[in-house]
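These are the residues of each chain, in order.
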Amino acid sequence: HNLVALELPCRFDYQDFEELFARSQAAYLEGDGEQALPLARQALRLYRNDFLEGFDEDWVVAGRSRWAAMRYQALTLVARCLLQQSNFEAVEQCARELLLIDDLREEAHCLLLEALAGAGRPVEAVAHYERAQQLFEEEIGVFPGRLRETLVAGANTKIYNRETGHKETREYDEFVRSDLMKSVM
């Protein structure tokens with residue numbers, strides 16, 4: 001009997017996913033969103049679906065939970081980087097994807113509010129705020145105050161004015177006096 005042992009280099013996508021995510025997180029924490037964004041996006045491309053769906057052994061569930069949490073964090077990191085670039089449309093897409101994963105995560109709602117307010121869509125921001133308020137009160141009996149703070153903070157951000165094509169600072173007093181904000185104050 002002749003045996004042949006082959007030593008072939010082998011990498012698993014979860015290893016690459018973890019490495020890219022760690023590098024993106026480190027870059028973001030160092031304040032380098034320009035480097036963090038492509039790394040996080042590359043990591044997310046490797047995450048096609050949950051690990052071994054349909055299997056419920058402890059080691060599988062633990063791995064699935066760990067990688068799903070990393071995916072959520074990577075998607076949040078992408079949204080934060082895009083927010084720094086004022087790419088509100090892409091932030092909105094990320095936030096909506098995050099909400100599909102878990103609609104009781106305050107962070108995702110805040111990202112969506114920031115995207116809508118930044119894009120100059122206050123009516124939609126307030127409408128989402130009200131839906132989120134109802135969801136949190138019905139599901140857990142508590143409403144996170146950070147959502148209100150995010151909505152009010154959106155009044156002081158530079159927003160994209162669709163009519164002029166320029167970013168403008170919206171005056172806080174003008175926003176607060178609006179009928180929309182009166183409903184959430």
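Computed from a predicted model, the values in this text were never measured in an experiment. (Residues numbered from 1 in each chain as written. Predicted model: local features only at pLDDT ≥ 70, side-chain atom pairs only at ≥ 80, totals over all residues. Heavy atoms only, no water.)

## Observations concerning the nonpolar core
One broad trend across soluble globular proteins is that nonpolar side chains are buried collectively. The biggest cluster of nonpolar side chains holds 44 residues, and the ones touching the most others in it are V78, L82 and L147. Sorting the residues of this core by element identifies α1 (13-29), α2 (33-46), α3 (58-84), α4 (88-101), α5 (106-118), α6 (122-140) and α7 (145-153) as the ones contributing at least two each. The element contributing the most residues to this core is α3, with 11 residues. Discounting chain neighbours no more than four positions away, the residues touching L82 are L37, R41, N87, A90, V91 and C94. (Core = buried A, V, L, I, M, F, W, Y, C linked by side-chain atoms within 4.5 Å. Buried < 20%, exposed > 50% of the residue type's maximum accessible area, 1.4 Å probe, protein only. Helix = DSSP H or I, 4+ residues; strand = E, 2+ residues; numbered from the N terminus. Contact = heavy atoms within 4.5 Å.)

## Examining α6
The end-to-end C-alpha distance of α6 is 26 Å, a good match for the 27 Å that 19 residues give at a rise of 1.5 Å each. Every buried residue belonging to α6 is among A125, V126, H128, Y129, A132, L135 and F136, and all of these are buried. (Expected span 1.5 Å × (residues − 1).)

## What about a nonpolar patch on the surface?
A cluster of nonpolar side chains, contributed by V4, L6 and L8, occupies part of the molecular surface with about 390 Å² of accessible area. With respect to the helices and strands, V4 occurs in the segment before α1. (Patch = residues over 30% accessible without salt bridge, like charges linked within 9 Å, V, L, I, M, F, W, Y side chains within 5 Å. Areas by Shrake-Rupley, 256 points an atom, 1.4 Å probe, with all protein chains shown as cover. Salt bridge = Lys/Arg side-chain N within 4 Å of Asp/Glu carboxyl O.)

## Overview of unusual backbone geometry
At L52, a residue that is not glycine, the phi angle is positive and equals roughly 45 degrees. Tracing the sequence through the fold places L52 in the loop between α2 and α3. For S86, which is not a glycine, the phi torsion comes out positive at approximately 60 degrees. If you trace the backbone, S86 turns up in the loop between α3 and α4. Residue classification places S86 among the partly exposed positions, given a relative accessible area of 26%.

## Notes on the pattern of salt bridges
Enumeration according to the criterion identifies 11 salt bridges in this entry. Residue R66 is joined to E18 by a salt bridge in which the shortest nitrogen-to-oxygen separation is 2.4 Å. Taken together, the residues R66 in helix α3 and E18 in helix α1 connect sequence positions 48 residues apart. Between E92 and R96 there is a salt bridge whose closest N-O contact spans 3.0 Å. Of the two residues, E92 and R96 both sit in helix α4, 4 residues apart, roughly one turn of that helix. Residue E92 is classed as buried on the basis of its relative accessible area of 13%.

## Here we look at the confidence of the model for the protein chain
Mean pLDDT over the protein chain stands at 83; residues scoring 70 or higher make up 82%. Looking over the protein chain, one finds the lowest element-wise mean pLDDT in helix α8 (residues 172-177), namely 44, and the highest in α4, namely 97. In this model, residues 158-162 is a region of pLDDT below 50 whose contacts with residues beyond four sequence positions or in other chains number 21 contacts. Ignoring residues within four places in sequence, the model shows residues 179-185, a span with pLDDT below 50, making 20 contacts including any to other chains. (pLDDT = per-residue confidence, 0-100.)

## Quick notes on the packing of aromatic side chains
Two aromatic rings, taken as a pair, are described by how far apart their centres are and by the angle between their planes. The tally for this structure, following the rule as stated, stands at 4 aromatic pairs. Centroid distance Y14 to W67: 5.1 Å. Interplanar angle 50 degrees. Geometry classified as tilted. With Y14 in helix α1 and W67 in helix α3, the pair connects residues that are 53 residues apart, well separated along the chain. Residue Y14 is classed as partly exposed on the basis of its relative accessible area of 34%. Plain terms: the ring middles of F17 and Y47 are 5.6 Å apart, the flat faces sit at 55 degrees to each other, and that makes the pair tilted. Placement of the pair is F17 in helix α1 and Y47 in the loop between α2 and α3, with a sequence separation of 30 residues. Y47 shares its class with F17; the two are buried. Aromatic rings pair up to connect Y14, F51, W59 and W67 into one cluster. (Phe/Tyr/Trp six-rings, centres within 6.5 Å; stacked < 30°, edge-to-face > 60°.)

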